[in-house]
Structures are given as structure tokens and as C-alpha cells.
Amino acid sequence: QHIAMNQLGYRPQDRKLAVIQEQTGVYRIVNEQTGEVAWEGETSALQADQASGAKVSQLDFTSLKEVGQYRIEGNGDRSWTFTIDGRVYDDVQVAVLKAFYYLRCGVELTSEYAGPWKHGACHTSPVIVYDQPDKTIDGTGGWHDAGDYGKYIVAAGKAVADMLLAYELYPHAFDRKVPLPESDERMVDVLHEVKVELDWMLKMQDQDTGGVYHKLTTLQFPPLDTMPEEDTAELYALPISACATASFAATMAMAARVYRRLDQPYAERCLDAAKQAWKWLEANPQTPGFKNPVDVGTGEYGDENDWDERYWAAAELYRATGEAEYHQVLLQSVKALGFNLTALGWSDMGGYGTISYLLCEHERDEAIVGVLKKALSQRAAELAQVSEKDGYGISLLPEDYRWGSNMDVMNHAMLLLLTQHIEGHHRYEGIAAAHVHYLLGMNVNEISYISGYGHTAMAYPHHRPSVGDGIEAPVPGMVSGGPNKNLQDEYAAKHLQGKAPAACYADHEDSYATNEVTIYWNSPALFVLSHFVHK
Ligand code: G3I
Ligand code: 9MR
Ligand code: ZN
């Protein structure tokens, strides 16, 4: 097939696109049950698409709204079978949440909840504090970051923020149980799952200073087929960093607000931890970014600029407490403007501070509100403009296809959805939908980037349990990093030379720079899919 489409299908009310390579003309959409032609229409003109290197046309069949099973036919070609139904994304949304359960560390995953992807408890040994080797801490729990078994605070901060925002904006999307071992009637599953990570994060705070260890890992990555419980090398807590401490403060303050109505004592604990972290930040106004010591080879998550994390922390602490001290720092940092106000990546967290202030219930500085609203609406307009020109309808420029580009795809959709929420309209609905279509198959590789979901779903992630467990199918519900034009692993360098940016992708377990998975690539996808589930 050369009809790239959302392989799960479309909701009746959404914008519906398919992208066709090298062809234009009339296409028919046939109802699979009746054999009747349910829709007929023409593609757009052929367009040379820079990002994918392909000549493409778009088929826009938004007007077909009747629930059913269909296929697209034309020019002697025929598409996969697809569904139009209000609930097409309900299962994948739950799966993308369930993926966090599969990434849990320190506990056994039993067959009752993990099915064939069960495994033993892992990483339970005492953790050596790297710069105080006589000291150990308990670092059990939380989620493995990715295809490796490290646990990193700045990565955790982004993942938790996305998940809590998803819950706050779309509470109805979490009515269905995953289920999880903790499932109950008191709290929805997403909050149970996030608590797993928060509990671990709390253990990463130094009780004496309030500073937060940057990460918890072995010194080097284990071989790719190592199961979690076989990864028994010594564990280390790497030195406290400002980015980790600020990201922690923000996350804990956010958690305090969200859990307050459901679990008051827990919310208080989170708020205390946030305030302790804030004290450390105040005592350490200027600190260098984290760097791996020479004997450490695991993920660095280096970030020289901690302004954005501090801004986010101030915003969340102000929103949680209404206290003037945090408000002052927030206002000063917007005025100083040493960072991006709308970014949502693990290293640029300014967007979360902006959203927090724009949704803040306490007294606000109207001039600063204006500045932030303008920044957000300009960025959204920019993304919309790029999407309208892109052959596949998304907001990535050719240079944006870098490590973890699927995070940017979902971050952009998230930003568009948050912007329309804050501005009170639905103008970006169709563009956000196109981003979902891209993730689920409407891309030049004609692959669904979510394991287990779609006719040609990503199946060979750089993910140690999926490689080592002897089960053919990968752990389901995981979002692949996606195309990366910088060819930053040996497999990519060998097999993807000369390809266009969006085509620099390999569904191969060795390609960690295009096909790994992480918590913070799943989390923005969870946010976006939560917008598109059945209401
Ligand atoms: O954005 C720049 C671009 O402007 C520049 O032209 C290009 C040139 O190389 O680099 C781009 O930056 C890239 C950056 O990701 C984008 O976010 C860097 O090259 C690239 O090395 C960097 O990759 C990071 C990778 O770790 C290597 O450090 C990924 O963001 C990050 O998600 C990834 O995280 C890893 C952890 O370290 C370990 N656990 C798994 C996890 C996922 O792969
Ligand atoms: O498996 C590692 C993955 O989780 C990281 O994202 C990636 C980049 O830091 O590194 C992977 O480990 C590879 C290492 O960097 C180089 N040798 C091969 C390793 C994969 O088995
Ligand atoms: Zn583990």
C-alpha cells in the first residue's frame, strides 16, 4: 500500500486525512460490510514534501462521518481496513497509560497484570551516593526511564507533568480502569500510576539539604538482552543538580495541588518536599549543569540552563500556595527572559511554567499574563502554519526530525490543545488530529509508532525487556522515539544514509537513536490521546 493513514481509524467528528505518494485523482471509500461506495472525492495536487523527501497528495474525507468499517481505493491501490467510530482511540489511550505499569521498577510484575511480559522484582539493592561513597539510600520504585533501566529526575518531571495535566484537563478520559494492582474507587488509575513515580522521586531528595540527586543508575548500561532482575550491578545516586531539584520542586508542588482533595496527608508531604527543594535552589543560585563523571556512561540528561526549571518551580509553588515569595521569582524570571516560554521538552520546561501561571487561581500580574498569552498564541500560530504546508499535515520542520522527534510531534499537538483550551476555541482541533494520524501511521514510513496498535505497528523497540524476555510481541502501548536525521547510532549510520529527515527511522532493536522508548515520549501521547477518547 502507498496510502498512509491512521491505521486505527478516525472519530466521526474529527478531521480525516490520508496521504498518498506519487498519485493524485479520484479515490473512493468503500464500506466493507455493504460493499457500497460511501464517499468519493479528489486528492489535493501533488506536492514535493521536504521533510519526507516524497511527492505526496492529501485525501481529506472529513465529511464521511458514518460509523463503520471502510477501505480507500483508487489508482489501482487499496488501503488497510479502517474504522470510523467515536471510540477508536479508547484502547490505545489505556495502553499508553498501561505502558508505565510495565516500566515499573523494584516490584515483581505478575502475570495477573503483566500477562506474558511478567518479570521479577529488580533494582532493589541499596544505592550508593556517588560523591559520599560511605552513604547509601533506598532508591526502589518508580519507572525505568526507557529501554535502559536508569531512573532520571528531569525525565520523570516531564512525564509526571504531562500525566497530571492530562488528568486535570480531561478527567473523563480516565473513567475506565487499566486495571492496576492499586485500582480502587477512590482515585483514578492515572493518579495511582503517577504516585508510583512520585514515591520514588521523594526518595531521591537529600534530607539534609533538600537538593535532589540527578539520577539513579548503574555505572554503565547492561547488554541489550538483560532482563531487569538480571541487572545486578551496583546502583549509584549521581550528584544533586539544580535542574533536577527545580524539576522536582515543580512536580511535587503540582502533585500537592492535584492530590489535595484525594489524599490530604500525601499532598502535604509533596508540598513539604517541594518547599525543601526550593530552599536548596535559593541557597544555590548558580550551579553548573550536570555532567556525567568519567566512569559513568548512562544517560546524562545534561542541561546548562536551569532558568526554565526554576521558573516552572516558582509557578507551581505559587499555584499550590498563593505565597508572594514564589510569585516574585516567577515575575522576575519572565522579565529576565533567559529561556523559552513555551517549550515542553525534558531540557526546556518553560512551557509548563507558562501553562501553570495561565491556569493559576490566585491573583496574577495582568501584564505578565499578557506576555505569556502572546508567547503561547504566537507559538501555536507558528505550528499551525507549518502544519498547513507540511505534506503529512504536521508541525515539524525538516530540521526538527532529531532524537525523540515523536516527542516533539506530541508536544506540539499538546501545545495546540492547551492553547485552544486557554483561549477558549477549537481552531486547532483538526491540526492536533493530524498529529495523532501521523503517530498512528500517516507518515512516510507507513508505520504506527505505538507498539501493538496498528496494522504495521512498531515491533522491535530498543527496550531491554522486549529484547530479553523471549516473548515475540514487544511490550504494548509504547511510543517509539521516531525519525532522527542525525543518525546517532551505528545501525542508523549504516542503514539510513541519504534518506530524508522523516524517513530516517528503523524499526530495529539496535537503533536506540530512532527506536527507543521512554516515559516522556509516552506521556505527551497520553495527554493528546486523552483529548481524543470518547466523551
Ligand atoms: O536539537 C539539536 C539540534 O539542534 C542539533 O542540530 C542536533 C545535532 O546533533 O542535535 C539536537 O539535539 C539532540 C537532542 O537529543 C535533541 O533533544 C542531540 O543531538 C541528541 O544527542 C540528544 O539526544 C538525547 C539522548 O538521550 C542522548 O543524550 C535525547 O534527547 C534523549 O531523549 C535521550 O535520552 C535517553 C537517555 O539518555 C537514556 N535513557 C534513554 C533515553 C532515550 O533515548
Ligand atoms: O541502551 C542505551 C540507551 O538506553 C541509550 O539511550 C543510548 C544512548 O545513551 O545508549 C544505549 O546503549 C548503547 C551505548 O550507548 C553504546 N553501545 C551500545 C549500547 C546499546 O546496547
Ligand atoms: Zn528496575
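Further up the page is the structure itself.
In what follows, the accompanying structure is described. As the structure is a computational prediction, the values presented were derived from the model and not from experiment.

Attention now goes to the site of ligand 1. Contacts to ligand 1 come from 15 residues, most closely from Asp148, Arg402, Gln488, Glu516 and Tyr520. The separation between an oxygen atom of ligand 1 and a polar side-chain atom of Gln488 is 2.8 Å. Tyr520 places a side-chain nitrogen or oxygen 2.6 Å from an oxygen atom of ligand 1. In the complex, the protein chains occlude 63% of the 760 Å² of accessible area that ligand 1 would expose alone. Tallied by class, the residues present in the shell around ligand 1 amount to seven nonpolar, four polar and four charged.

Take the side chain of Thr298 next. Looking at where Thr298 falls in the secondary structure, it is placed in the loop between α6 (264-283) and α7 (307-321). In contact with Thr298, not counting residues within four places along its chain, are Tyr152, Lys215, Thr217, Thr218, Leu219, Gln220, Phe221 and Asn292.

The next point concerns the pattern of salt bridges. If you walk through the whole model with that rule in mind, you get 21 salt bridges. Put simply, Lys291 and Glu304 hold a salt bridge, and the shortest N to O gap is 3.3 Å. Here Glu304 lies in the loop between α6 and α7 and Lys291 lies in the loop between α6 and α7, a separation of 13 residues in the sequence. When sorted by exposure, Lys291 lands in the same class as Glu304, which is exposed. Between Arg402 and Asp408 there is a salt bridge whose closest N-O contact spans 3.1 Å. Classification of Asp408 as buried rests on a relative accessible area of 9%. Here the residues in one salt-bridge network are Glu32, Arg71, Glu73 and Arg78, joined through shared partners.

The coordination sphere of the zinc ion (ligand 3), as far as protein atoms go, consists of Cys105 (SG), Cys122 (SG), His123 (ND1) and His144 (NE2), spread over 2.0 to 2.3 Å. Every donor residue of the zinc ion (ligand 3) comes from the same chain, spaced as C-x16-C-H-x20-H. Highlighted residues: Cys105 in the loop between α1 (90-102) and α2 (111-114) and His144 in the loop between β12 (136-137) and β13 (151-152), separated in sequence by 39 residues.

On to the pairing of strand β15 (residues 235-240). By the bridge criterion, three bridges tie strand β11 (residues 127-129) to β15 in an arrangement that is parallel. Paired with Ile128 across the bridge in β15 is Tyr236. Alignment of strand β14 (residues 213-217) against β15, held across four bridges, turns out to be antiparallel. By the bridge assignment, Leu216 is partnered in β15 with Ala237.

Let us look at the environment of Leu262. Locating Leu262 in the fold gives a position in the loop between α5 (242-259) and α6. Sequence separation of Leu262 and Val386 is 124 residues, and the distance between their C-alpha atoms is 42 Å. Excluding residues within four positions of it along the chain, Leu262 makes contact with Tyr167, Arg186, Met187 and Leu191.

Residues in close proximity to ligand 2 include Asp148, Phe221, Trp403, His462, Arg464, Tyr512 and Glu516, which together make up its full environment. At a separation of 2.8 Å, an oxygen atom of ligand 2 approaches a polar side-chain atom of Arg464. Glu516 has a polar side-chain atom sitting 2.6 Å from an oxygen atom of ligand 2. Contact with the protein chains covers 61% of the free accessible surface of ligand 2, which is 450 Å².

Rules and cut-offs
- Residues numbered from 1 in each chain as written.
- Chains lettered and ligands numbered in written order.
- Predicted model: local features only at pLDDT ≥ 70, side-chain atom pairs only at ≥ 80, totals over all residues.
- Heavy atoms only, no water.
- Near = heavy atom within 4 Å.
- Polar contact = N/O pair within 3.5 Å; in protein donor to acceptor, adjacent residues only side chain to side chain.
- Areas by Shrake-Rupley, 256 points an atom, 1.4 Å probe, with all protein chains shown as cover.
- Nonpolar A, V, L, I, M, F, W, Y, C, P; charged D, E, K, R; others polar.
- Helix = DSSP H or I, 4+ residues; strand = E, 2+ residues; numbered from the N terminus.
- Contact = heavy atoms within 4.5 Å.
- Salt bridge = Lys/Arg side-chain N within 4 Å of Asp/Glu carboxyl O.
- Buried < 20%, exposed > 50% of the residue type's maximum accessible area, 1.4 Å probe, protein only.
- Donors = N, O, S within 2.8 Å, 3.2 Å for Na, K, Ca; no water.
- Pairing = 2+ DSSP bridges.

Any functional reading would require information beyond the geometric quantities listed.
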